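Results of the structural survey
Take a look at the letters that make up each chain.
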Amino acid sequence: MRNYDLTPLYRSAIGFDRLAQLAEHAASNKGNSGYPPYNIELLNEHRYRITMAVAGFTMDELDITSEGDKLLVKGTKAEQSEERKYLYQGIAERGFERTFQLADYVTVIGADLENGLLNIDLKREIPEALKPRKIEIGSSRILDAK
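Attention here is on the structure that accompanies the text. (Residues numbered from 1 in each chain as written. Predicted model: local features only at pLDDT ≥ 70, side-chain atom pairs only at ≥ 80, totals over all residues. Heavy atoms only, no water.)

**Here we look at the environment of Gln 101**
Turning to its location among the elements, Gln 101 is positioned in strand β5 (residues 96-101). For Gln 101, a relative accessible area of 28% puts it in the partly exposed group. Separated by 30 residues in the primary sequence, Gln 101 and Leu 71 place their C-alpha atoms 6.4 Å from one another. Of note is the side chain of Gln 101, whose polar atom sits 2.8 Å from the side chain of Asp 69. (Helix = DSSP H or I, 4+ residues; strand = E, 2+ residues; numbered from the N terminus. Buried < 20%, exposed > 50% of the residue type's maximum accessible area, 1.4 Å probe, protein only. Polar contact = N/O pair within 3.5 Å; in protein donor to acceptor, adjacent residues only side chain to side chain.)

And the structure:
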(Lines give C-alpha, C1' and ligand atoms only; values in the text may rest on other atoms or scores of the structure.)
Protein backbone atom coordinates (compact mmCIF):
# COMPACT_ATOMS: atom_id res chain seq x y z
CA MET A 1 0.00 0.00 0.00
CA ARG A 2 1.25 3.46 -0.81
CA ASN A 3 1.56 6.18 1.77
CA TYR A 4 1.11 9.79 0.76
CA ASP A 5 2.74 12.68 2.59
CA LEU A 6 0.27 15.54 2.82
CA THR A 7 2.59 17.79 4.86
CA PRO A 8 3.05 20.36 2.03
CA LEU A 9 -0.72 20.81 1.92
CA TYR A 10 -0.82 21.68 5.62
CA ARG A 11 1.67 24.53 5.09
CA SER A 12 -0.68 26.51 2.86
CA ALA A 13 -4.14 25.25 3.83
CA ILE A 14 -5.89 25.67 7.12
CA GLY A 15 -8.57 23.28 8.32
CA PHE A 16 -7.88 20.48 5.85
CA ASP A 17 -6.65 18.03 8.48
CA ARG A 18 -9.67 15.81 7.69
CA LEU A 19 -8.34 15.35 4.16
CA ALA A 20 -5.91 12.67 5.33
CA GLN A 21 -8.75 10.80 7.05
CA LEU A 22 -10.89 10.95 3.91
CA ALA A 23 -8.06 9.72 1.71
CA GLU A 24 -7.37 6.85 4.10
CA HIS A 25 -11.05 5.90 4.16
CA ALA A 26 -11.22 5.91 0.35
CA ALA A 27 -8.07 3.80 0.05
CA SER A 28 -9.21 1.19 2.56
CA ASN A 29 -12.48 0.51 0.62
CA LYS A 30 -13.80 -1.29 3.75
CA GLY A 31 -15.11 -4.26 1.73
CA ASN A 32 -17.62 -2.35 -0.40
CA SER A 33 -18.45 -4.84 -3.15
CA GLY A 34 -20.25 -2.45 -5.47
CA TYR A 35 -23.64 -3.86 -4.48
CA PRO A 36 -26.09 -2.27 -4.76
CA PRO A 37 -25.13 0.06 -7.60
CA TYR A 38 -25.69 3.77 -6.99
CA ASN A 39 -25.42 7.23 -8.57
CA ILE A 40 -24.51 10.52 -6.91
CA GLU A 41 -26.12 13.44 -8.71
CA LEU A 42 -25.57 17.20 -8.38
CA LEU A 43 -29.01 18.84 -8.59
CA ASN A 44 -27.82 22.43 -8.06
CA GLU A 45 -25.06 24.25 -6.16
CA HIS A 46 -26.23 23.06 -2.74
CA ARG A 47 -28.39 19.97 -3.43
CA TYR A 48 -27.38 16.39 -4.14
CA ARG A 49 -29.18 13.08 -4.69
CA ILE A 50 -27.96 9.55 -4.09
CA THR A 51 -29.92 7.00 -6.13
CA MET A 52 -29.49 3.33 -5.24
CA ALA A 53 -30.86 0.37 -7.22
CA VAL A 54 -32.61 -1.70 -4.53
CA ALA A 55 -34.95 -3.83 -6.63
CA GLY A 56 -36.86 -6.36 -4.56
CA PHE A 57 -36.54 -4.46 -1.26
CA THR A 58 -39.56 -2.97 0.48
CA MET A 59 -39.54 0.17 2.63
CA ASP A 60 -39.61 -2.02 5.76
CA GLU A 61 -36.42 -3.80 4.68
CA LEU A 62 -34.43 -0.57 4.19
CA ASP A 63 -32.88 1.56 6.94
CA ILE A 64 -31.19 4.95 6.48
CA THR A 65 -29.17 6.44 9.35
CA SER A 66 -27.31 9.74 9.38
CA GLU A 67 -24.83 10.23 12.20
CA GLY A 68 -22.34 13.07 12.13
CA ASP A 69 -20.52 12.98 8.81
CA LYS A 70 -21.60 9.44 7.89
CA LEU A 71 -24.68 8.22 6.05
CA LEU A 72 -25.43 4.51 6.43
CA VAL A 73 -27.90 2.75 4.12
CA LYS A 74 -28.71 -0.81 5.13
CA GLY A 75 -30.92 -3.35 3.43
CA THR A 76 -32.01 -6.50 5.28
CA LYS A 77 -33.82 -9.02 3.13
CA ALA A 78 -36.67 -10.86 4.86
CA GLU A 79 -36.52 -14.65 4.92
CA GLN A 80 -38.51 -16.37 2.16
CA SER A 81 -41.22 -18.66 3.49
CA GLU A 82 -41.07 -20.96 0.49
CA GLU A 83 -38.06 -22.67 -1.08
CA ARG A 84 -37.45 -21.70 -4.70
CA LYS A 85 -35.59 -23.65 -7.37
CA TYR A 86 -33.81 -21.32 -9.75
CA LEU A 87 -32.58 -22.34 -13.17
CA TYR A 88 -30.66 -19.07 -13.20
CA GLN A 89 -30.54 -16.43 -10.46
CA GLY A 90 -29.28 -13.05 -11.68
CA ILE A 91 -31.14 -10.86 -9.19
CA ALA A 92 -29.23 -10.59 -5.94
CA GLU A 93 -31.44 -11.10 -2.90
CA ARG A 94 -28.87 -10.45 -0.23
CA GLY A 95 -28.64 -7.78 2.39
CA PHE A 96 -26.22 -4.89 2.09
CA GLU A 97 -24.65 -2.08 4.06
CA ARG A 98 -23.31 1.01 2.26
CA THR A 99 -21.62 3.95 4.01
CA PHE A 100 -21.23 7.41 2.49
CA GLN A 101 -18.91 10.07 3.91
CA LEU A 102 -20.72 13.41 3.99
CA ALA A 103 -18.96 16.75 3.64
CA ASP A 104 -19.27 19.45 6.28
CA TYR A 105 -22.77 20.95 6.62
CA VAL A 106 -24.40 18.35 4.33
CA THR A 107 -27.61 16.93 5.79
CA VAL A 108 -30.21 14.44 4.61
CA ILE A 109 -33.50 16.17 3.82
CA GLY A 110 -35.54 13.19 2.63
CA ALA A 111 -35.72 9.77 1.04
CA ASP A 112 -38.13 8.09 -1.35
CA LEU A 113 -38.49 4.58 -2.79
CA GLU A 114 -39.95 4.46 -6.29
CA ASN A 115 -39.76 1.76 -8.99
CA GLY A 116 -36.94 -0.09 -7.21
CA LEU A 117 -34.81 3.05 -6.84
CA LEU A 118 -34.05 4.57 -3.44
CA ASN A 119 -33.54 8.33 -3.75
CA ILE A 120 -31.84 10.11 -0.84
CA ASP A 121 -31.85 13.90 -1.08
CA LEU A 122 -29.07 15.91 0.54
CA LYS A 123 -28.58 19.62 1.09
CA ARG A 124 -25.53 21.65 2.05
CA GLU A 125 -26.47 24.46 4.43
CA ILE A 126 -23.55 26.65 5.39
CA PRO A 127 -24.21 28.49 8.67
CA GLU A 128 -24.57 32.25 8.36
CA ALA A 129 -21.50 32.78 10.57
CA LEU A 130 -19.33 30.87 8.06
CA LYS A 131 -20.52 32.60 4.91
CA PRO A 132 -18.19 35.22 3.40
CA ARG A 133 -18.73 38.73 4.64
CA LYS A 134 -17.19 42.03 3.62
CA ILE A 135 -14.98 43.76 6.19
CA GLU A 136 -14.95 47.52 5.94
CA ILE A 137 -11.56 49.13 6.34
CA GLY A 138 -11.39 51.33 9.40
CA SER A 139 -14.39 49.70 11.03
CA SER A 140 -12.53 48.31 14.03
CA ARG A 141 -12.20 50.44 17.13
CA ILE A 142 -9.74 49.90 19.93
CA LEU A 143 -11.45 50.18 23.27
CA ASP A 144 -9.53 52.02 25.96
CA ALA A 145 -9.08 50.03 29.16
CA LYS A 146 -9.64 52.53 31.97
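**Regarding the packing of aromatic side chains**
Inspection of every chain in the model, using the stated rule, returns 3 aromatic pairs. Relative to Phe 100, the ring of Tyr 38 lies with its centre 5.1 Å away and its plane at 90 degrees, an arrangement referred to as edge-to-face. On the criterion of sequence distance, the pair formed by Tyr 38 in strand β1 (residues 38-44) and Phe 100 in strand β5 is long-range, its members being 62 residues apart. Look at Tyr 38 and you get partly exposed, because its relative accessible area is 36%. Overall, Phe 100 belongs to the buried group, its relative accessible area being 7%. With 5.4 Å between their ring centres and 85 degrees between their planes, Phe 57 and Phe 96 make a pair best called edge-to-face. (Phe/Tyr/Trp six-rings, centres within 6.5 Å; stacked < 30°, edge-to-face > 60°.)

**Looking at the sheet that holds strand β2 (residues 47-53)**
Strands sit in the order β1-β2-β7-β6 across an open sheet of 4 strands; the sheet is antiparallel. Two strands lie at the open edges of the sheet, namely β1 and β6 (106-114), each paired on one side alone. The average angle at which neighbouring strand axes cross in this sheet is 20 degrees, direction not considered. Both β2 and strand β7 (residues 117-124) contribute to a ladder of 7 bridges, which runs antiparallel. When the bridges of β7 are listed, Arg 49 appears paired with Asp 121. (Pairing = 2+ DSSP bridges. Axes fitted to C-alpha atoms, helices over the stretch in contact; angles between N-to-C directions.)

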